[in-house]
Amino acid sequence: DEILRSLAGPPSPPGLAPPGWRVPVDCVRANELCAGEPSCSSRYRTLRQCLAGRDRNTMLANKECQAALEVLQESPLPLYDCRCKRGMKKELQCLQIYWSIHLGLAEGEEFYEASPYEPVTSRLSDIFRLASIFSGMDPATTSKSNHCLDAAKACNLNDNCKRLRSGYISTCNRELSAAEPCSRRKCHKALRQFFDRVPSEFTFRLLFCSCKDPACAERRRQTIVPSCSYEDKDKPNCLDLRGACRADHLCRSRLADFHTNCQATFQSLTGCPGDNFQACLGSYAGLIGFDITPNYVDASTTIITISPWCSCKGSGNMEEECEKFLRDFTENPCLRNAIQAFGNGTDINVSPKNPNPAVTVLPKAEKSPILPDDVNDSNTAYDTSVISTCSSLQEQGLKPNNSKEQSLCYSEAQLTTDVMPGQKTFMDPKAGSSWHRESRILLLIPILI
């Protein structure tokens, strides 16, 4: 616990932002300012006419269209550089204005699109402090508890969180007929309302709670009622799913925001742009409530795998692009590290000296309905042995604690960062052989004891 708190560091000042950064004007206000200035207004109308029904190359080949774009880009008015706030009162109108300018400029040219939302400048440590105030529990000091059950109980103590959570659970579990188990459209709408209107100190704890047994992990997987909001009879092609999402301004914006904030980068220690875990987790939550909704694929406690409900079958000559899109979810070190950091109750801002030892994967849990908030998951059929951690190998040697079924031993690096097995973000390629030898030793010692 002391190690985790030291990693968290001092709380970040409110409104922390990079030097020279200024809050952008929202597109609704920027549109009003442009409408009041004749030159901006006429150029904006011209640009919208140029973008209507034309691809980017055709639009840019037209001198009048090019001139209109250049005037808006160089104008002191903020229309071209406007952004939107997620959950703002006129969010959809704001996004429509944004894409009326930027849609034709990015279409077909780039795999990723820039986010239309304002940058997130807060840190995860801000949420940890708020969560402890609201729930009376500090996530860094409740290592023996079921964090997902704690998250549900904390939500029930807040009227807004409890009301909206009960609302989407009821809607998503309401059976319409034998052929139609639920209304997917209404379920998605209720989920969007929950994640847009409930503060992240509650929603993040429900989505990203850390787990040490499959029962807890299954509760986490069931957070969004996946039988209605996520799963379907057949998996669509991922590029078809992306295309359908991009046809909707709101879904397109949330997807662009996810790519902007969670796109894996090796230029930072954490694998995230700007080392901002908060921004990545927020943009992930913003995707929930659309057909492209991501979720945990199973109840594994050792390897977190996230994916939308889709596959790359039938991609033809687009298979490489499809696989690249899917890997942004399934093999994304930024997203994984962000989830792990939240589960640890800390922002990770240092790289561990030693790679993680291998661990044994626990049996996959079967699907289950939403678990009641008054039931301790450790008493369910998913009960497994407690995973105990060891003291530092370098300082004290191995001293595993025996449980009634199984005991796994982690190195200090694992306790400090809790980065998942298989995670390549912090792996030193030169240490490969020694890491494998250490892994075998760690796995054999508890058996011999």
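This one's a predicted model, so the numbers in the text were calculated from it and none came from an experiment.

Per the stated rule, a full pass over the model turns up 10 aromatic pairs. Chaining the aromatic ring pairs together yields one cluster made of Phe 204, Phe 208, Tyr 284 and Phe 342. It is Arg 220 that lies over the ring of Tyr 296; its NZ or CZ is 4.6 Å from the centre. Positioned above the aromatic ring of Trp 309 is the side chain of Lys 235, whose terminal nitrogen or guanidinium carbon lies 4.8 Å from the ring centre.

Applying the stated criterion across every chain, the model contains 14 disulfides. Disulfide pairing is shown between Cys 34 and Cys 40; the S-S distance is 2.0 Å. Of note, the bridge from Cys 34 to Cys 40 carries an S-S torsion of about -110° and is left-handed in sense. There is no split in this pair, since Cys 34 and Cys 40 are both buried. One disulfide in the model links Cys 50 with Cys 65; its S-S distance is 1.9 Å. Measuring handedness by torsion sign, the sulfur bridge of Cys 50 and Cys 65 sits at about -90° and is left-handed. Here the residue Cys 50 occupies a position in helix H3 (residues 38-51), and Cys 65 occupies one in helix H5 (residues 63-74), the gap between them amounting to 15 residues. Here Cys 50 and Cys 65 have matching classes, each one buried.

Listed under "glycosylation site" (unreviewed entry) in the UniProt record, and renumbered for this structure, are Asn 344 and Asn 401. Tracing the sequence through the fold places Asn 344 in helix H18 (residues 333-344). According to the relative accessible area criterion, Asn 344 is buried, its value standing at 7%.

Right, let's talk about the environment of Leu 176 for a bit. Along the chain, Leu 176 falls in the loop between helix H9 (159-172) and helix H10 (184-197). Other than its neighbours up to four places away in sequence, Leu 176 contacts Pro 181, Cys 182 and Ser 183.

Turning our eyes to something else, we now look at the side chain of Arg 242. As for its position among the elements, Arg 242 is in helix H14 (residues 238-246). Arg 242 has contacts with Phe 111, Leu 255, Ile 292, Glu 321 and Phe 325, leaving out every residue within four places of it along the chain.

Here the focus is the packing of helix H2 (residues 27-35) against H3. Closest axis-to-axis distance for the H2/H3 pair is 6 Å, and the angle between their directions is 115°. With respect to H3, the element H2 is oriented roughly perpendicular. Contact residues: Asn 31, Cys 34 and Ala 35 in H2; Cys 40, Ser 41 and Tyr 44 in H3. For the contact of H2 with H3, the residue count by class is 4 nonpolar, 2 polar and no charged.

Before going further, it helps to spend a moment on helix H15 (residues 249-262). The end-to-end C-alpha distance of H15 is 20 Å, a good match for the 20 Å that 14 residues give at a rise of 1.5 Å each. In terms of burial, H15 is a largely internal element, 12 of the 14 residues being buried. Of all the positions in H15, only Leu 250, Cys 251, Arg 252, Ser 253, Arg 254, Leu 255, Ala 256, Asp 257, Phe 258, His 259, Asn 261 and Cys 262 are classed as buried. A side-chain oxygen of the first residue of H15 lies 3.1 Å from the backbone nitrogen of Leu 250; this N-cap is Asp 248.

Turning our eyes to something else, we now look at the pattern of salt bridges. Note on pairing: side chains with opposite charge can pair once their charged atoms come close. Summed over all chains, the structure comprises 10 salt bridges. Glu 218 serves as the salt-bridge partner of Arg 221, at 3.1 Å between the closest nitrogen and oxygen. Taken together, the positions of Arg 221 and Glu 218, both in helix H12 (residues 214-221) and 3 residues apart, correspond to about one turn of that helix. Of the residues examined, Glu 218 reaches a relative accessible area of 0% and is grouped as buried. Here the residues in one salt-bridge network are Arg 86, Glu 91, Asp 196 and Arg 254, joined through shared partners.

Counting residues in each nonpolar core, the largest one holds 88 residues, and the members touching the most others are Leu 79, Phe 194, Phe 208 and Ile 292. Two domains each put at least three residues into this core: domain 1 (27-102) and domain 2 (158-344). Discounting chain neighbours no more than four positions away, the residues touching Phe 194 are Cys 155, Cys 161, Leu 164, Arg 165, Tyr 168, Thr 203 and Leu 206. Of all hydrophobic cores here, the second largest spans 6 residues; its members include Cys 148, Cys 209, Cys 211 and Cys 216.

Side chains of Arg 163, Arg 174, Arg 185, Lys 186, Lys 189 and Arg 197 sit close together on the surface and give a patch of like positive charge. Classification of Arg 174 by relative accessible area gives partly exposed; the value is 43%.

Where helix H16 (residues 277-286) meets H18, the axes come as close as 9 Å, and the angle between the chain directions of the two elements is 105°. Classified by the interaxial angle, the pair formed by H16 and H18 is roughly perpendicular. Judged by residue contacts, Phe 277, Cys 280, Leu 281 and Tyr 284 of H16 engage Cys 334, Leu 335, Asn 337, Ala 338, Ile 339, Ala 341 and Phe 342 from H18. Considering only residue class, the contact of H16 with H18 consists of 10 nonpolar, 1 polar and no charged.

With that out of the way, let us pick up unusual backbone geometry. Notably, Val 225 is not glycine yet its phi reads approximately 50°, a positive angle. Summarising the element assignment, Val 225 is placed in the loop between H12 and helix H13 (226-229). Overall, the relative accessible area of 1% leaves Val 225 in the buried class. Phi at Asp 275 is positive, roughly 55°, even though this residue is not glycine. Mapped onto the fold, Asp 275 is located in the loop between H15 and H16.

In this structure, Asn 295 sits in strand E1 (residues 294-296). A relative accessible area of 2% places Asn 295 in the buried class. Those residues in contact with Asn 295 that sit more than four places away from it in its chain are Arg 221, Ile 224, Pro 226, Tyr 230, Tyr 284, Thr 305, Ile 306 and Ser 307.

Conventions adopted
- Residues numbered from 1 in each chain as written.
- Predicted model: local features only at pLDDT ≥ 70, side-chain atom pairs only at ≥ 80, totals over all residues.
- Heavy atoms only, no water.
- Phe/Tyr/Trp six-rings, centres within 6.5 Å; stacked < 30°, edge-to-face > 60°.
- Lys NZ or Arg CZ within 6 Å of the ring centre and 35° of its normal.
- Disulfide = S-S within 2.5 Å.
- Buried < 20%, exposed > 50% of the residue type's maximum accessible area, 1.4 Å probe, protein only.
- Helix = DSSP H or I, 4+ residues; strand = E, 2+ residues; numbered from the N terminus.
- UniProt positions renumbered as here; feature names shortened; annotations may be inferred.
- Contact = heavy atoms within 4.5 Å.
- Axes fitted to C-alpha atoms, helices over the stretch in contact; angles between N-to-C directions.
- Parallel < 35°, antiparallel > 145°, perpendicular 65-115°, else oblique.
- Nonpolar A, V, L, I, M, F, W, Y, C, P; charged D, E, K, R; others polar.
- Expected span 1.5 Å × (residues − 1).
- Polar contact = N/O pair within 3.5 Å; in protein donor to acceptor, adjacent residues only side chain to side chain.
- Salt bridge = Lys/Arg side-chain N within 4 Å of Asp/Glu carboxyl O.
- Core = buried A, V, L, I, M, F, W, Y, C linked by side-chain atoms within 4.5 Å.
- Domains from an automatic or database assignment.
- Patch = residues over 30% accessible without salt bridge, like charges linked within 9 Å, V, L, I, M, F, W, Y side chains within 5 Å.
- Areas by Shrake-Rupley, 256 points an atom, 1.4 Å probe, with all protein chains shown as cover.
- Lys, Arg positive; Asp, Glu negative; His and termini not counted.
- Charge placed at Lys NZ, Arg CZ, Asp CG, Glu CD.

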